[in-house]
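# Geometric and topological summary
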Amino acid sequence: EPGHMTTRSRDTDEPGHMTTRSRDTGSSGSGTPRLKVRKPVAKSRYGVRQRRRPVDTSAETLSKISTDLAAIFGPVTTTRVISYLTLAGAGMSDFEMTEILSLDRDVLKEFYARLPCTLSDIVANVHIMWFQFKYAIGPLLEARYSDGRIVFHWADAKIARFVGDEFLKSEISRAKIHTMLAMSASPDRLPQYEKNETADTPPRLLIETMIGRILRRKLRALPVHLFASKNIETLKSQCLLNLNFLAAKIDFNGISEVIQDFVGVQDEFENNSSLKILYTILKDSPSEIYQNTKKLASKILTEFSNSSPKLWDPVWTDLLLKQCEVYKNED
């Protein structure tokens, strides 16, 4: 046809884009073919397929999915995996899920009954099992990048509500899951504290993981899981009356989160003046006090020396004051 030219386009280097046959009229005078660009297709990201259409989260569909998963992976394993994902709050990474499943005796017992093997093989196979499980529930998950790693959580709040109604009805079952989550976030397992080069620098929290990242989520999640599992003594010893933990959380998460941890246990203040004194120090002290561990330790020692020890916590307060003496005497 006079004045028209037909060209065949070629694919671009950009993934998910394709040019189509087009033609340009001679009247335009440009001589350049017009290109149609198709929208990129939804692709897998972080091993989880990103959703373009809403996923069916009706109770009937979720019930069928959980039944199918139980038939493949076992009822105990299925219940624990979806419960950990639901109550973790800040999401679970591949390493964290593999670790907590390897610590769960009920999961290991069921796994061994289905596939007898040595302990080392069980741990390796649990890792493979989690990736198979994650692929099976991929449309129900979303992934995000947090604290140097990829974490997974439910894509819809309806899924979490379904798991809570079906698998976490009793306080005992919830407390057990929170206890396991607290164990995986415990400072006895992950963090190590190093002495500062200068006394003005708060202690840094180094967590020994596969990628050596600092997990702020762990600092945020540990008090929550301990409180939810009713492990108040452990909450006091590892978090609220532990200067190492307090200094690290102030350093990485801020003073507001630390104060919020104390607000959750205000019922304990009447019978435990140690918590009340420490809460008052953190809440009312200026920033130059709580941002400097040495000054904070001196402030704690001064306030406790001016109070009556009758309502002190009999065990953990002594350990707290010993920690304060160590920080105060550091060069």
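Residues numbered from 1 in each chain as written. Predicted model: local features only at pLDDT ≥ 70, side-chain atom pairs only at ≥ 80, totals over all residues. Heavy atoms only, no water.

With that out of the way, let us pick up the overall build of the chain. Summing up its helical and strand segments, the chain has 15 helices and 9 strands in all. By residue count, 44% of the 331 residues in the chain fall in the buried class. At a minimum sequence separation of 6, the contacts of the chain that also span at least 24 residues come to 59%. (Helix = DSSP H or I, 4+ residues; strand = E, 2+ residues; numbered from the N terminus. Buried < 20%, exposed > 50% of the residue type's maximum accessible area, 1.4 Å probe, protein only. Contact = heavy atoms within 4.5 Å.)

Among the 9 residues that make up helix α9 (residues 232-240), 7 are buried, leaving the element largely enclosed by the rest of the structure. Buried within α9 we find I232, L235, K236, S237, Q238, C239 and L240. In this structure, the buried side of α9 is in contact with α8 (216-228), α10 (243-253), α11 (255-263), α12 (273-284) and α15 (316-328).

Let us now look at the environment of C324. Within the fold, C324 resides in helix α15. The class of C324 is buried, set by a relative accessible area of 0%. C324 sits 24 residues away from I300 along the chain, and the two C-alpha atoms are 7.3 Å apart. For C324, the residues in contact, after removing those within four places along its chain, are L243, A297, I300 and L301.

Bringing the pattern of salt bridges into the picture now. One pass over the full model with this rule turns up 10 salt bridges. Note that E233 and K236 form a salt bridge whose closest N and O atoms lie 3.0 Å from each other. Here E233 and its partner K236 are both found in helix α9, 3 residues apart, which amounts to about one turn of the helix. Classification of K236 by relative accessible area gives buried; the value is 4%. Within the structure, one salt-bridge network assembled from shared partners comprises R80, D104, D106 and K176. (Salt bridge = Lys/Arg side-chain N within 4 Å of Asp/Glu carboxyl O.)

Further remarks concern the environment of I250. Within the secondary structure, I250 sits in helix α10. With residues up to four places along the chain from it excluded, the contact list for I250 reads I255, V258, L282, Y290 and L296.

Below, the discussion takes up the environment of A297. Note that A297 resides in helix α14 (residues 293-305). For the pair A297 and L243, spaced 54 residues apart in sequence, the C-alpha separation works out to 8.0 Å.

Moving on to the pairing of strand β7 (residues 149-154). Pairing of strand β5 (residues 92-93) with β7 involves 2 bridges; the strand directions are antiparallel. By the bridge assignment, S93 is partnered in β7 with V151. Pairing of strand β6 (residues 141-146) with β7 involves 6 bridges; the strand directions are antiparallel. The residue bridging Y145 from the neighbouring strand is I150, located in β7. (Pairing = 2+ DSSP bridges.)

End to end, helix α7 (residues 171-184) covers 20 Å across 14 residues, agreeing with the expected 20 Å (1.5 Å per residue, within 8%). Among the residues of α7, those classed as buried are A175, I177, H178, M180, L181, A182 and S184. Residues of α7 that are buried sit in contact with α2 (75-87), β5, α3 (94-103) and α8. (Expected span 1.5 Å × (residues − 1).)

Another point: unusual backbone geometry. Positive phi values are uncommon outside glycine, yet K230 reaches one of about 65°. Within the secondary structure layout, K230 lies in the loop between α8 and α9. For K230, a relative accessible area of 61% gives the class exposed.

Moving on, we get to the nonpolar core. Core analysis: the largest hydrophobic core is formed by 39 residues, its most contacted members being L243, F262, L278, L282, L296, I300 and L320. Listing elements by their share of this core, those giving two or more residues are α8, α9, α10, α11, α12, α13 (287-290), α14 and α15. Ranked by residues supplied to this core, first place goes to α12 with 6 residues. Those residues in contact with I300 that lie beyond four places of it in its chain are L243, L278, I281, L320, L321 and C324. (Core = buried A, V, L, I, M, F, W, Y, C linked by side-chain atoms within 4.5 Å.)

Our next topic: the side chain of R80. Among the structural elements, R80 can be located in helix α2. Under the relative-accessibility criterion, R80 is labelled buried at 12%. Setting aside chain neighbours within four positions, we find R80 in contact with D104, D106, V107, K176 and I177.

The next subject is the packing of aromatic side chains. In the structure shown here, the tally under the stated rule is 3 aromatic pairs. When the centroid spacing of 5.0 Å and the interplanar angle of 50° are considered together, the rings of F73 and F133 count as tilted. Residue F73 is found in helix α1 (residues 59-73), and its partner F133 is found in helix α5 (residues 119-136); the two are separated by 60 residues along the sequence. Like F73, the residue F133 is buried in the burial classification. A centroid spacing of 6.2 Å and a plane angle of 35° characterise the contact between F262 and Y279, whose relative ring orientation is tilted. A residue pair is termed long-range when its members are at least 10 positions apart, and F262 in helix α11 and Y279 in helix α12 qualify at 17 residues. Residue classification places F262 among the buried positions, given a relative accessible area of 0%. (Phe/Tyr/Trp six-rings, centres within 6.5 Å; stacked < 30°, edge-to-face > 60°.)

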